[in-house]
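Structure assessment
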There are 2 protein chains.
Amino acid sequence: MNPVDLSEKFSLFDEFWKPKIVAELNGQYVKLAKLKGAFVWHQHEHEDELFMVVKGRLTIQLRDRVIDLTEGQFFVIPRGVDHLPVAEEECHVMLFEPKTVLNTGNVKNERTVETLERL
Amino acid sequence: MNPVDLSEKFSLFDEFWKPKIVAELNGQYVKLAKLKGAFVWHQHEHEDELFMVVKGRLTIQLRDRVIDLTEGQFFVIPRGVDHLPVAEEECHVMLFEPKTVLNTGNVKNERTVETLERL
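Residues numbered from 1 in each chain as written. Chains lettered and ligands numbered in written order. Predicted model: local features only at pLDDT ≥ 70, side-chain atom pairs only at ≥ 80, totals over all residues. Heavy atoms only, no water.

To continue, consider the overall build of chain A. When helices and strands are tallied, chain A shows one helix and nine strands. Traced from its N-terminal end to its C-terminal end, chain A shows the element sequence β-α-β-β-β-β-β-β-β-β. Its C-alpha atoms put chain A at 40 × 30 × 25 Å along the principal axes. Put simply, chain A has 119 residues, and 53% of those count as buried. Residue pairs at least 24 apart in sequence account for 65% of intrachain contacts in chain A once pairs closer than 6 positions are excluded. Of the roughly 5500 Å² that chain A leaves accessible, carbon and sulfur atoms contribute 45%. (Helix = DSSP H or I, 4+ residues; strand = E, 2+ residues; numbered from the N terminus. Buried < 20%, exposed > 50% of the residue type's maximum accessible area, 1.4 Å probe, protein only. Contact = heavy atoms within 4.5 Å. Areas by Shrake-Rupley, 256 points an atom, 1.4 Å probe, with all protein chains shown as cover.)

Rendered as structure tokens:
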């Protein structure tokens, strides 16, 4: 593979809530996503999920607390834990998670992206 | 777990070439390391390894080419591929790799760190 430049990859898309695959290793994907607004409450039964903020701010609501992240900060949402990502302003994140993760987890609705684009 | 702030974690250590574990998910570790100078040629037989540059510049020598990375860029070294990380000046990196990875891979010498510190 070639080196991946985060800024360059983020410049290639504008859609919100449509994660793009930028690398694969050890059965995991590295994904980039632009977020704005509130997503949907969901969980991933078998996968832990890492959200790192590259630009902006992200709030991850859990049932019992709220995680606030800014640039250079990440959080791992353990498998089975309900979460709701919310970005008041546009936010850019890097995700690290197993290839099997579906963006909306146990929920399927209009936000679900079954097939992810690779950049 | 709590959110992880990269700057805060990097402020907690000064040693070079001693990766610190800052998170665990899906059988993988997220590690932080400060690098300066040349490491040793090695490979990981069964593990792909992601190097992301958080601060400074990193050169990863492969047998057939050289990868130059700066802040916000990453590279995945496939399993079985010989590599030599070199940082002319101090460089801070984030690593994603399976928990089984030994820093010097197939080589054991004075640079090998058998037990990693958790921050």
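As annotated by UniProt and renumbered to match this structure, "domain: Cyclic nucleotide-binding" (unreviewed entry) occupies residues 9-75 of chain A. Taken as a whole, residues 9-75 of chain A contains 3% helix and 57% strand, while its terminal C-alpha atoms sit 22 Å from one another. (UniProt positions renumbered as here; feature names shortened; annotations may be inferred.)

With that out of the way, let us pick up the relation of the copies chain B and chain A. The pair of chain copies shares a relation made of a rotation about an axis and a shift along it. Least-squares fitting of chain B to chain A yields an RMSD of 0.0 Å, with the superposition described by an axial translation of 0.0 Å and a rotation of 180°. Taken together, the rotation and translation relating the two chain copies correspond to the operation of a two-fold axis. Taking C-alpha positions as the reference, the residue of chain B nearest the rotation axis is Phe96(B), at 4.3 Å. Of all interface residues in chain B, 100% are interface residues in chain A too; the two copies therefore contact each other through one and the same surface. (Least-squares fit on C-alpha atoms with pLDDT ≥ 70 in both.)

On to the packing of aromatic side chains. Here the structure, examined in full by the defined rule, presents five aromatic pairs over all chains. For the pair Phe10(B) and Phe13(B), a centre-to-centre distance of 6.0 Å together with 35° between the ring planes defines the contact as tilted. Of the two residues examined, Phe10(B) and Phe13(B), each falls in the buried class. On the basis of an interplanar angle of 20° and a centroid distance of 4.6 Å, the ring pair of Trp17(B) and Phe39(B) is categorised as stacked. Remark: Phe39(B) occurs in the loop between β3 (28-38) and β4 (49-55) and Trp17(B) occurs in the loop between α1 (6-10) and β2 (20-25); sequence separation between them is 22 residues. By relative accessible area, Phe39(B) is classed as buried at 9%. Seen from the ring of Trp41(A), Arg63(A) lies directly overhead, with NZ or CZ sitting 3.8 Å from the centre. (Phe/Tyr/Trp six-rings, centres within 6.5 Å; stacked < 30°, edge-to-face > 60°. Lys NZ or Arg CZ within 6 Å of the ring centre and 35° of its normal.)

Every contact between the two is made by 32 residues of chain B and, on the other side, 32 residues of chain A. In total, chain B and chain A occlude about 2400 Å² of area from one another, counting both sides; carbon and sulfur atoms represent 64% of this. Taken together, the connections running from chain B to chain A amount to zero salt bridges. At the junction of chain B and chain A, the tally comes to ten residue pairs in polar contact (both at pLDDT 80 or more). For the side of chain B that touches chain A, the per-class residue count stands at 18 nonpolar, six polar and eight charged. Sheet analysis places strand β7 (residues 73-77) of chain A next to strand β1 (residues 4-5) of chain B, joined by two bridges and oriented antiparallel. (Buried area = accessible area lost by both parts, 1.4 Å probe. Salt bridge = Lys/Arg side-chain N within 4 Å of Asp/Glu carboxyl O. Polar contact = N/O pair within 3.5 Å; in protein donor to acceptor, adjacent residues only side chain to side chain. Nonpolar A, V, L, I, M, F, W, Y, C, P; charged D, E, K, R; others polar. Pairing = 2+ DSSP bridges.)

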